[in-house]
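The primary structure of each chain is shown beneath.
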Amino acid sequence: MNGMKNYLIMLKKKKFCVSVLQGTTGSGKTLVYFERIKKIIEKNKQALVLLPEIFLTNQFQSTLEEFFGFPPAVWHSRTTPKNKRIILKGIIQNKIKLIIGARSSLMLPFKKLGIIIVDEEHDVSYKQDSPMPCYDAREIAIEIVKRNSAKLIFGSATPSMKTWKKCIFEKNFKMVRMSQRISSKEIPEIKII
């Protein structure tokens, strides 16, 4: 829980900062996400949760709905054109506060973006190599939060090497390790090979 205190202190800072939340399965990363989203929504701002794969949205959607009591908007390539129009209108009018989706959801026209959470930040699916345009959703998220004075959380059990490097050499990237599981199960030993 010491890592949690450091993390909460870090989020209170006003300047641009990327919080890298590193914790194994069961360490409580998702709970941290939800608590932060709750505070953002209470401020009448919008929250975006990026997931690396479309198939993860159903499970995450159910968990979010259970926690918040309302369903989040879901945006990805399989969202129907009718639902996309409804979501776009709701985001522009700031009526939709919580969105989960794949990397394309970064391009939505947010009016009051408060936070972006990039879950499983290490996943290569965040990089769009083809078709055009080519981009890295993590880098786009960084630029979006800078322009919107929003918060950014990268979450992963195994952060990417690029993110590790940024945590070491860039003052705006801070890693918080959640080394204990919520349950009583032991965390497996990790070795770098």
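Just so it is clear, the model here is predicted, and its values are computed rather than measured.

The rules behind each value
Residues numbered from 1 in each chain as written. Predicted model: local features only at pLDDT ≥ 70, side-chain atom pairs only at ≥ 80, totals over all residues. Heavy atoms only, no water. Helix = DSSP H or I, 4+ residues; strand = E, 2+ residues; numbered from the N terminus. Areas by Shrake-Rupley, 256 points an atom, 1.4 Å probe, with all protein chains shown as cover. Core = buried A, V, L, I, M, F, W, Y, C linked by side-chain atoms within 4.5 Å. Buried < 20%, exposed > 50% of the residue type's maximum accessible area, 1.4 Å probe, protein only. Contact = heavy atoms within 4.5 Å. Phe/Tyr/Trp six-rings, centres within 6.5 Å; stacked < 30°, edge-to-face > 60°. Lys NZ or Arg CZ within 6 Å of the ring centre and 35° of its normal. Salt bridge = Lys/Arg side-chain N within 4 Å of Asp/Glu carboxyl O.

Focus on the overall build of the chain
Right, on to step 1. Along its length, the chain carries 6 helices and 9 strands.
Right, on to step 2. Carbon and sulfur atoms provide 56% of the accessible area of the chain, an area that totals close to 11400 Å².

Side note on the nonpolar core
Right, on to step 1. Judged by nonpolar contacts, the single largest core of 29 residues is most densely connected at Ile99, Ile116 and Leu152.
Right, on to step 2. Secondary-structure elements contributing two or more residues to this core are β1 (18-23), β2 (46-50), β3 (73-75), α4 (81-92), β5 (113-119), α5 (137-148) and β8 (151-156).
Right, on to step 3. Counting residues per element, this core draws most heavily on α5, at 5 residues.
Right, on to step 4. Residues contacting Leu152, with those up to four places away along its chain left out, are Cys17, Val18, Ser19, Ile116, Val118, Ala141, Ile142 and Val145.
Right, on to step 5. Grouped together as the second largest cluster of nonpolar side chains are 21 residues, Tyr33, Leu51, Phe68 and Val74 included.

Details of the packing of aromatic side chains
Right, on to step 1. Counted under the stated rule, the structure contains 6 aromatic pairs.
Right, on to step 2. An angle of 50° between the planes, with centres 5.2 Å apart, marks the rings of Phe34 and Phe67 as tilted. With Phe34 in helix α2 (residues 29-42) and Phe67 in helix α3 (residues 56-68), this residue pair connects regions lying 33 residues apart in the sequence.
Right, on to step 3. Residue Phe67 is classed as partly exposed on the basis of its relative accessible area of 33%.
Right, on to step 4. Here the aromatic cluster, defined as three or more aromatic residues joined through ring pairs, consists of Phe34, Phe60, Phe67, Phe68 and Phe70.
Right, on to step 5. Lying over the aromatic face of Trp75, Lys84 brings its terminal NZ or CZ to 5.2 Å of the ring centre.
Right, on to step 6. Here the basic side chain of Lys146 rests over the ring of Phe16, its NZ or CZ set 5.2 Å away from the ring centre.

Section: the environment of Ile40
Right, on to step 1. With respect to the helices and strands, the residue Ile40 is situated in helix α2.
Right, on to step 2. Sequence separation of Ile40 and Gly114 is 74 residues, and the distance between their C-alpha atoms is 5.9 Å.
Right, on to step 3. Once residues lying within four places of it in the same chain are set aside, the contact partners of Ile40 are Lys45, Gln46, Gly114 and Ile115.

Some points on the pattern of salt bridges
Right, on to step 1. Evaluation of the coordinates by the stated rule reveals 6 salt bridges.
Right, on to step 2. The closest approach of N and O atoms between Lys162 and Glu139, which form a salt bridge, is 3.3 Å. Remark: Glu139 occurs in helix α5 and Lys162 occurs in helix α6 (residues 161-169); sequence separation between them is 23 residues.
Right, on to step 3. The partly exposed category is assigned to Glu139, whose relative accessible area is 28%.
Right, on to step 4. Here Lys166 and Glu139 are joined by a salt bridge, their closest N and O atoms 2.7 Å apart. Residue Lys166 is located in helix α6, and its partner Glu139 is located in helix α5; the two are separated by 27 residues in the primary sequence.
Right, on to step 5. Looking at Lys166, the relative accessible area reads 13%, which means it is buried.
Right, on to step 6. Several salt bridges converge on common partners, so that one network encompasses Glu121, Asp136, Arg138, Glu139, Lys162 and Lys166.

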